[in-house]
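# A closer look at the structure
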Amino acid sequence: MKQKPLVIFSAVFLLLAFVAGALYYKSQKSAAAVEAYRHDRTTFVRDYSPTHGNADAKVEIVEFFDPACDTCKEFYPMVKKLMDDHPGKIRLYERYAPFHNGSESVVKLLAAANMQGKFWETLEAVFAAQANWAPQHRPQPELVWNYIGGVGLDIRRLRQDMNSPEMDKIVQQDLADGQKLNVKATPEFFVNGKPLPSWGWDQLKSLVQDELSAAY
């Protein structure tokens, strides 16, 4: 009879130890990311990374995204509104993480559009038509061309640029940086170098608010 309470106590102790270990791991991971961000931002932001917002903003959001990711599409207008609610205080950087089979060519298209200063307009057109060219997370990148005609792109130049070796380098660099930062799914966010404590919109909004309060 005495063994049963002992077994229960041991199970509870192991569970608490596991939870404590998980929290410690997350804390250490966050601290390591922030330290890396302060000393070398290149893993988080590259010179070619599309960016939006005040260059002097004290809060920076870095997002790794996949254009075929429906959650990325859902978060996009919410992040924009968050920036609008705090004018001049937040800057957004986009990084590529084409995890869906077939989305890499769309990423190259976006990177090439960025060279024409049309990244954001093209991204919005791609997201707006996502259900048509990537139904059920199955990208059909050749269909994207049907939905970007109104963006104002030089299509001939776009096709040439997206097939250049430079686009391959951009994709591979973003994937490598994402791997270093333990990005395994999209969207993945970092706020001033800090990863989300757990995934979700409320967690992102809360982390941004904490950084805004600390900075301003």
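Going by the structure above, here's the rest.
Now for a look at the structure at hand. Model, not experiment: these values are computed from the prediction. (Residues numbered from 1 in each chain as written. Predicted model: local features only at pLDDT ≥ 70, side-chain atom pairs only at ≥ 80, totals over all residues. Heavy atoms only, no water.)

Moving on, we come to the pattern of salt bridges. Summed over all chains, the structure comprises 10 salt bridges. Asp177 is paired through a salt bridge with Arg46; the nearest N and O atoms lie 2.8 Å apart. Of the two residues, Asp177 is situated in helix α7 (residues 165-180) and Arg46 in the loop between α1 (3-39) and β1 (51-53); the sequence distance between them amounts to 131 residues. Take Asp177: its relative accessible area is 0%, and that puts it in the buried class. (Salt bridge = Lys/Arg side-chain N within 4 Å of Asp/Glu carboxyl O. Helix = DSSP H or I, 4+ residues; strand = E, 2+ residues; numbered from the N terminus. Buried < 20%, exposed > 50% of the residue type's maximum accessible area, 1.4 Å probe, protein only.)

So, on to the environment of Lys73. Of note, Lys73 is situated in helix α2 (residues 70-85). Using a relative accessible area of 30% as the deciding quantity, one classes Lys73 as partly exposed. The sequence separation of Lys73 and Glu124 amounts to 51 residues, and the corresponding C-alpha distance is 8.7 Å.

Bringing the pairing of strand β2 (residues 59-65) into the picture now. Taken across its seven residues, β2 has seven buried, putting it largely inside the fold. Inspection of the sheet shows β2 paired to strand β3 (residues 90-96) by seven bridges, in the parallel sense. In the sheet register, Phe64 faces β3, and the bridge partner there is Arg95. Once the chain exits β2 it traverses α2 before rejoining the sheet at β3, and the crossover so formed is right-handed. Where β2 meets strand β4 (residues 188-191), four bridges bridge the pair, whose relative direction is antiparallel. Residue pairing for β4: Glu63 is matched across the bridge by Phe189. (Pairing = 2+ DSSP bridges. Right-handed = clockwise from strand over helix to strand, strands pointing away.)

What follows covers the environment of Tyr37. By secondary structure assignment, the location of Tyr37 is in helix α1. It is 8.4 Å that separates the C-alpha atoms of Tyr37 and Lys194, two residues lying 157 residues apart in sequence.

For the rest of this paragraph, the subject is the side chain of Gln116. With respect to the helices and strands, Gln116 occurs in the loop between α3 (104-115) and α4 (119-128). Residue classification places Gln116 among the buried residues on the basis of a relative accessible area of 18%. Look past the residues within four positions of Gln116 in its chain and what remains in contact with it is Leu153, Asp154, Arg157 and Leu158. (Contact = heavy atoms within 4.5 Å.)

None of the figures reported here should be taken as evidence of function without further support.
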